[in-house]
Amino acid sequence: DGGITQSPKYLFRKEGQNVTLSCEQNLNHDAMYWYRQDPGQGLRLIYYSQIVNDFQKGDIAEGYSVSREKKESFPLTVTSAQKNPTAFYLCASSRTSGMTYNEQFFGPGTRLTVL
Amino acid sequence: GNSVTQMEGPVTLSEEAFLTINCTYTATGYPSLFWYVQYPGEGLQLLLKATKADDKGSNKGFEATYRKETTSFHLEKGSVQVSDSAVYFCAGDYNTDKLIFGTGTRLQVFP
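Description of the structure in this document. (Residues numbered from 1 in each chain as written. Chains lettered and ligands numbered in written order. Predicted model: local features only at pLDDT ≥ 70, side-chain atom pairs only at ≥ 80, totals over all residues. Heavy atoms only, no water.)

Focus: the overall build of chain A
Okay, step 1: Within chain A one finds 0 helices and 11 strands.
Okay, step 2: Going residue by residue from the N terminus, the α and β elements of chain A occur as β-β-β-β-β-β-β-β-β-β-β.
Okay, step 3: For 115 residues, the compact-globule estimate of 2.2 N^0.38 gives 13 Å, and the C-alpha radius of gyration of chain A, at 13 Å, lies within 12% of that figure.
Okay, step 4: Oriented by its inertia axes, the alpha-carbon framework of chain A measures out at about 40 × 30 × 30 Å.
Okay, step 5: Here chain A, with 115 residues, has 50% of them falling under the buried criterion.
Okay, step 6: Contacts in chain A between residues at least 24 apart in sequence constitute 54% of all its contacts with a sequence separation of at least 6.
Okay, step 7: With an accessible surface of roughly 5600 Å², chain A has 48% of that area assigned to carbon and sulfur atoms. (Helix = DSSP H or I, 4+ residues; strand = E, 2+ residues; numbered from the N terminus. Rg over C-alpha atoms; globule rule 2.2 N^0.38 Å. Buried < 20%, exposed > 50% of the residue type's maximum accessible area, 1.4 Å probe, protein only. Contact = heavy atoms within 4.5 Å. Areas by Shrake-Rupley, 256 points an atom, 1.4 Å probe, with all protein chains shown as cover.)

Below is the structure:
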């Protein structure tokens, strides 16, 4: 079955450590996205990528980094510079961006807790 | 800039009640519109969509009509179930690089 996988489902990190969240898709989608969701809040866009080896900052990119070396993979690193990283992180993909009808498909999410 | 606005929650209903969750969008261009649903601890799932004015999206008893004259895409269901309890997000695609999401509306359905 085609879909998006995120791992791990739960992640604990000590303050001052970097941590990388995995996102893989086998939908052959060109575009991929990372969102952050805080309790009772909507989604805020962190980074997105329209093609391999290219990505753009979203609304809250500070303290995060990404790479897009393969079409299927879009890992997100939460660095020690992110002051309040505890949140639910969602990865999504779509066929392409910049076109009408940009339906996004979401992964199950990773819940990151900083101890 | 473009925006999508949806009603504050939580919306609390008894089982079999009629549901409406309001969503309005800014009328810059003609966005495609979506409703997503998020069950506790999970990612978002696409519930329904509409790509142009007067289109009606429907799925699992939910419906929403793309209304250009009122710039709205309200979500409705005639008879809700306890299993419909979730957070619902309205979103618009303005032919840019990303979707614009509303803040989400929590629905709680009690037996």
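Describing the sheet that holds strand β3 (residues 19-21) of chain B
All names here are of chain B.
Okay, step 1: An order of β3-β9-β8-β7 is seen for the 4 strands of this open sheet, with the pairing classed as antiparallel. Whereas interior strands pair on both sides, the edge strands pair on one side only; in this sheet they are β3 and β7 (56-59). Taking the axes of each pair of neighbouring strands and ignoring which way they run, one obtains an average angle of 15° across the sheet.
Okay, step 2: Looking at chain direction, β3 and strand β9 (residues 75-77) are connected through 3 bridges and run antiparallel. The residue of β9 that forms the bridge with L19 is K77. (Pairing = 2+ DSSP bridges. Axes fitted to C-alpha atoms, helices over the stretch in contact; angles between N-to-C directions.)

Quick look at unusual backbone geometry
Okay, step 1: Of the consecutive residues S7 of chain A and P8 of chain A, the connecting peptide bond is found in the cis state with omega at -10°.
Okay, step 2: Note that P8 of chain A resides in the loop between β1 (4-7) and β2 (10-13).
Okay, step 3: The linkage connecting G9 of chain B with the following residue, P10 of chain B, adopts the cis geometry, with an omega of -5°.
Okay, step 4: Its place among the elements puts P10 of chain B in the loop between β1 (4-6) and β2 (11-14).
Okay, step 5: Look at D54 of chain B: it is not a glycine, yet its phi comes out positive at around 75°.
Okay, step 6: Residue position: D54 of chain B is located in the loop between β6 (44-50) and β7.
Okay, step 7: Although it is not a glycine, K60 of chain B adopts a positive phi angle of roughly 55°.

As for the state of the cysteines
Here, the word disulfide means a covalent bond between the sulfur atoms of two cysteines.
Residue and element names in this part refer to chain B.
Okay, step 1: As enumerated under the stated definition, the model contains 2 disulfides over all chains in all.
Okay, step 2: Note that C23 is cross-linked by a disulfide to C90, the S-S spacing being 1.9 Å. The chirality of the disulfide connecting C23 with C90 is left-handed, given an S-S dihedral of about -70°. Of the two residues, C23 sits in strand β4 (residues 23-25) while C90 sits in strand β10 (residues 86-93), which places them 67 residues apart along the sequence. An identical accessibility class is assigned to C23 and C90; each is buried. (Disulfide = S-S within 2.5 Å.)

Observations regarding the interface of chain B and chain A
Okay, step 1: With 20 residues of chain B in contact, the opposing surface of chain A contributes 24 residues.
Okay, step 2: Sorting the residues of chain B by area buried against chain A places L44, D97 and K98 of chain B first, and these three jointly supply 28% of that buried surface.
Okay, step 3: Put simply, chain B and chain A have 1 salt bridge between them.
Okay, step 4: Note that D59 of chain A is salt-bridged to K98 of chain B, the shortest N-O span being 3.9 Å.
Okay, step 5: The tally of links between chain B and chain A comes to 3 residue pairs in polar contact (both at pLDDT 80 or more).
Okay, step 6: Sorting the residues of the side of chain B that touches chain A by element identifies β5 (32-38), β6, β10 and β11 (99-101) of chain B as the ones contributing at least two each.
Okay, step 7: When residues of the side of chain B that touches chain A are assigned to their parent elements, the largest contribution, 4 residues, is made by β5 of chain B. (Buried area = accessible area lost by both parts, 1.4 Å probe. Salt bridge = Lys/Arg side-chain N within 4 Å of Asp/Glu carboxyl O. Polar contact = N/O pair within 3.5 Å; in protein donor to acceptor, adjacent residues only side chain to side chain.)

Observations regarding the sheet that holds strand β7 (residues 64-66) of chain A
Residue and element names in this part refer to chain A.
Okay, step 1: Taken in spatial order, the 4 strands of this open sheet run β1-β3-β8-β7, and their pairing is antiparallel. Of all strands in the sheet, those with a lone pairing partner are β1 and β7, marking the two edges. Across the sheet, the mean angle separating the axes of adjacent strands is 20° when strand polarity is ignored.
Okay, step 2: With 3 bridges connecting them, β7 and strand β8 (residues 76-78) associate as antiparallel partners. Counted as the bridge partner of V66 is L76 from β8.

Here's the deal with the pairing of strand β11 (residues 110-114) of chain A
Residue and element names in this part refer to chain A.
Okay, step 1: Going residue by residue along β11, you find T110, L112 and V114 tucked away on one face and R111 and T113 left uncovered on the opposite face.
Okay, step 2: The pairing of β2 with β11 spans 4 bridges and is classified as parallel. Looking at the pairing, F12 lines up with T113 of β11.

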